[in-house]
Structures are given as C-alpha cells and as structure tokens.
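Next come the chains, spelled out residue by residue.
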Amino acid sequence: MKYDTPSFKEDHISQIPALQLLQKLGYTYLTQDEALELRGGRMGAVILEGVLAEQLRKINRIRFKGNEYVFSEGNILSAIQTLKDVVYDGLVRTNEKVYDLLCLGRSLQQAIEADSKSFPLHYIDWKDWRNNAFHMTAEFSVERSGTHETYRPDIVLFINGIPLSVIECKSP
C-alpha cells in the first residue's frame, strides 16, 4: 500500500482554502493579470481604478429639489485622485486621513439647475453593503516607491477597488 505524503506547501494548506472561503462569502477572484490591468498596468498603483470609478458612479447620487442627479465625470476622477494623492504624513496621521475619506466621503462642488453647491460623495456604501463590489487576488505584486523591488502579499481584499486588507498565509 502506497501512502501519499501530505502537502505542507503554504498555498495548499492555507492560501487556496482561504481564497475558496472568501469566494463563498461573495468575493470575486481576480487573477494577477486582471488585477494589474484594473490598476492601469502600473505595478506601483494599488487601487483598482476601473472598479472604483464604476462603483463611485453606482453608489453616489445627488438629491436636489426632489430630483436625482449623477456626479460629473470630472468629480468622479477628482474623488479617485484625492484618494491616490494622500500625502504620507506619518503612519497615524496618514491613516486618519484615509480613514476619514473612506468613512465620511468627500464633499464635491457641482452645478445643478444653475445652482452650484457641494454634495457628498462616498467611496463605500456603509448603509447597504450589497451595493459594494468585493474582490480578492493572490500574490498581488506592488512596486515599492523609488525602486523596482516589489512586495507581494499572499491575498489582498478590495472593496470598490480599494485595497483594505492584506492576508499573509503561513505554513505550520
């Protein structure tokens, strides 16, 4: 009788089961190539801009004088750029800035019916989680600033194209 030695490879015992569980929870799996394409083919980018732009259009509406309007493309692009342009100001202060953007959103000026006012735009629909897009990818290579070295977490979770969680899988 032949006995197969069990696999102790990290991907077999922790990464693949984790990805399978996340799929059952509703996350959509992206291959490395799909994830790279969604961030504009740039290894230094971490936001899935195509997903984020689509989600910002989907979850945000301007309600004004009993009518509903969409945000302009300029405002959608401005919201994405705001998230990308958060300046590093120490770990705590930078995290506070990103936290505020994600939780509170951003106020954007837009003209509606010849009236220009500020309206809130949100990155995540906190009222109804089903309106958000959930993605995951494995071995998400990110190029470090100022170098061609990469960091490659085992699993990255995205909500609306924004990376919010990194999972490192380990073998026993």
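Since this is a predicted model, take the numbers as computed values, not measurements.

Some details on the overall build of the protein
Line of reasoning, step 1. For the protein, the count of helices and strands is five helices and ten strands.
Line of reasoning, step 2. The C-alpha extent of the protein, read off along each of the three principal axes, is 80 × 35 × 30 Å.
Line of reasoning, step 3. Evaluated residue by residue, the protein yields a buried proportion of 35% over its 172 residues.
Line of reasoning, step 4. Of the contacts made within the protein by residues no fewer than 6 positions apart, 56% connect residues no fewer than 24 positions apart.
Line of reasoning, step 5. Just so you have it, the protein exposes about 10900 Å², and 54% of that area is on carbon and sulfur atoms.
Line of reasoning, step 6. Charged side chains of the protein number 20 positive and 23 negative; the gap between the two group centres comes to 3 Å.

Quick notes on the pattern of salt bridges
Line of reasoning, step 1. Applying the stated criterion to the full structure yields nine salt bridges.
Line of reasoning, step 2. A salt bridge links R57 to E73; its shortest N-O distance comes to 2.7 Å. Here R57, found in helix α3 (residues 49-59), pairs with E73, found in helix α4 (residues 73-84); they are 16 residues apart in sequence, far enough to count as distant.
Line of reasoning, step 3. The residue R63 makes a salt bridge to E68 at a minimum N-O spacing of 3.3 Å.
Line of reasoning, step 4. Take E68: its relative accessible area is 47%, and that puts it in the partly exposed class.

Points about the side chain of N60
Line of reasoning, step 1. For N60, the position within the fold is in the loop between α3 and β2 (62-64).
Line of reasoning, step 2. Among the residues examined, N60 registers a relative accessible area of 3% and is labelled buried.
Line of reasoning, step 3. Here the side chain of N60 touches L56 through a polar contact of 3.0 Å, landing on its backbone oxygen.
Line of reasoning, step 4. A polar contact is formed between the side chain of N60 and the backbone nitrogen of H122, at a distance of 2.7 Å.
Line of reasoning, step 5. Those residues within four positions of N60 in sequence are excluded, and the remaining contacts are F71, P120, L121 and H122.

Conventions and cut-offs
- Residues numbered from 1 in each chain as written.
- Predicted model: local features only at pLDDT ≥ 70, side-chain atom pairs only at ≥ 80, totals over all residues.
- Heavy atoms only, no water.
- Helix = DSSP H or I, 4+ residues; strand = E, 2+ residues; numbered from the N terminus.
- Buried < 20%, exposed > 50% of the residue type's maximum accessible area, 1.4 Å probe, protein only.
- Contact = heavy atoms within 4.5 Å.
- Areas by Shrake-Rupley, 256 points an atom, 1.4 Å probe, with all protein chains shown as cover.
- Lys, Arg positive; Asp, Glu negative; His and termini not counted.
- Charge placed at Lys NZ, Arg CZ, Asp CG, Glu CD.
- Salt bridge = Lys/Arg side-chain N within 4 Å of Asp/Glu carboxyl O.
- Polar contact = N/O pair within 3.5 Å; in protein donor to acceptor, adjacent residues only side chain to side chain.

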